[in-house]
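Here are the chains, one letter per residue:
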Amino acid sequence: MRVIRKYANRRLYDTQQSRYVTLEDLRRLIIEEEPFRVEDAKSGEDLTRTILLSIIIEQEQADSEAEVFSNDLLAQLIRVYDMSSPLPLARYLEQGTQLMLEQQKRMQSQWQQAIRHSPMEFMRELAEENMRFWQKTLNQPNQTDDDDTPDKST
């Protein structure tokens, strides 16, 4: 697991690559499913959760059209923390999100296959195959059957 150290000056240091990184760099690691742990450089305390929340906040602020957390949803989440017996919300959200991501990947794969096997794609592949056949045929030397022609030397 990759270790990222957070220093007092708020800078993040990737110990594997020996360089400073940004929240955007860490976001890319998440997308690439590269596991990492963020720890305080002095105490070694695990700060991963705080950094992940910071990445979410940054994304929410960066693109208002791609907001995931509406004000109503955030208010509801805050209310969950105040319940006398909290719901197993974390597990539910993790499983629901995982299911959603798996379904999205499956749909993208099926969509790509559907596009690949569309009638137009089929016709294109058929045309390419025909072109290869004719190019191969036309590039072969003229092969006439010499046995049928009379030998003029006799």
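It should be noted that the structure appears before, not after, this text.
Report follows, based on the coordinates. Since we're looking at a predicted model, the values are computed, not measured. Starting afresh in each chain, residues are numbered from 1 along the sequence in its written order. pLDDT decides what is reported in this predicted model: residues at 70 or higher carry local features, side-chain atom pairs at 80 or more are listed and counted, and totals for whole chains, interfaces and linings draw on all residues regardless. Side-chain numbers here rest on the full set of heavy atoms in the structure, without hydrogens or water.

1. So, the nonpolar core
Listed in full, the 11 residues of the largest apolar core are Ile4, Leu12, Val21, Leu23, Leu26, Leu29, Phe36, Val38, Leu47, Ile51 and Ile55. Counting only elements with at least two residues in this core, the list comes to α1 (23-31), β4 (36-40) and α2 (48-62). With 3 residues, the top contributor of residues to this core is α1. Residue contacts follow a heavy-atom distance rule, with two residues in contact if any of their heavy atoms lie within 4.5 Å. Contact partners of Leu26, with chain neighbours within four places excluded, come to Ile4, Leu12, Val21, Phe36, Val38, Ile51 and Ile55. Buried residues of nine kinds, namely Ala, Val, Leu, Ile, Met, Phe, Trp, Tyr and Cys, make up a nonpolar core once their side-chain atoms join them within 4.5 Å. Think of it in three bands: with a 1.4 Å probe and only protein chains considered, a residue is buried below 20% of the maximum accessible area for its type, exposed above 50%, and partly exposed in between. Elements are defined by DSSP. Helices are runs of H or I of four residues or more, strands are runs of E of two residues or more, and each kind is numbered from the N terminus.

2. Considering the sheet that holds strand β3 (residues 19-21)
The strand order across the open sheet formed by 4 strands is β3-β2-β1-β4, and the pairing between neighbours is mixed. The strands lining the two open edges of the sheet, one partner per strand, are β3 and β4. Looking at each pair of strands side by side, their axes are set apart by 35° on average, direction ignored. Here strand β2 (residues 12-14) runs beside β3; their pairing, made up of 3 bridges, is antiparallel. Looking across to β3, one finds that Leu12 is bridged to Val21. Where helices are involved, their axes are fitted lines through C-alpha atoms of the stretch in contact, as for all axes, and angles between N-to-C directions lie from 0 to 180°. The strands touched by α1 within the sheet are β1 (2-6), β2, β3 and β4, with β4 carrying the most contacts at an inclination of about 145°. The strands touched by α2 are β1, β2 and β4; relative to β4, the strand with the most contacts, the crossing angle is about 110°. Two strands pair under a simple rule: DSSP has to find at least two bridges between them.

3. What about the packing of aromatic side chains?
Centres within 6.5 Å make a pair out of two Phe, Tyr or Trp rings, where for Trp the six-membered ring is used; the pair is then stacked when the planes are under 30 degrees apart, edge-to-face when over 60, and tilted otherwise. The full count for this structure, using the stated rule, is 3 aromatic pairs. Ring geometry for Tyr13 versus Tyr20: centroids 5.1 Å apart, planes at 70°, classification edge-to-face. For Tyr13, a relative accessible area of 22% gives the class partly exposed. Both rings, one in Phe133 and one in Trp134, keep their centres 5.1 Å apart while their planes meet at 75°; by these two values the pair is edge-to-face. Look at Phe133 and you get partly exposed, because its relative accessible area is 48%. An aromatic cluster is built from Tyr7, Tyr13 and Tyr20, whose rings are joined through pairwise contacts.

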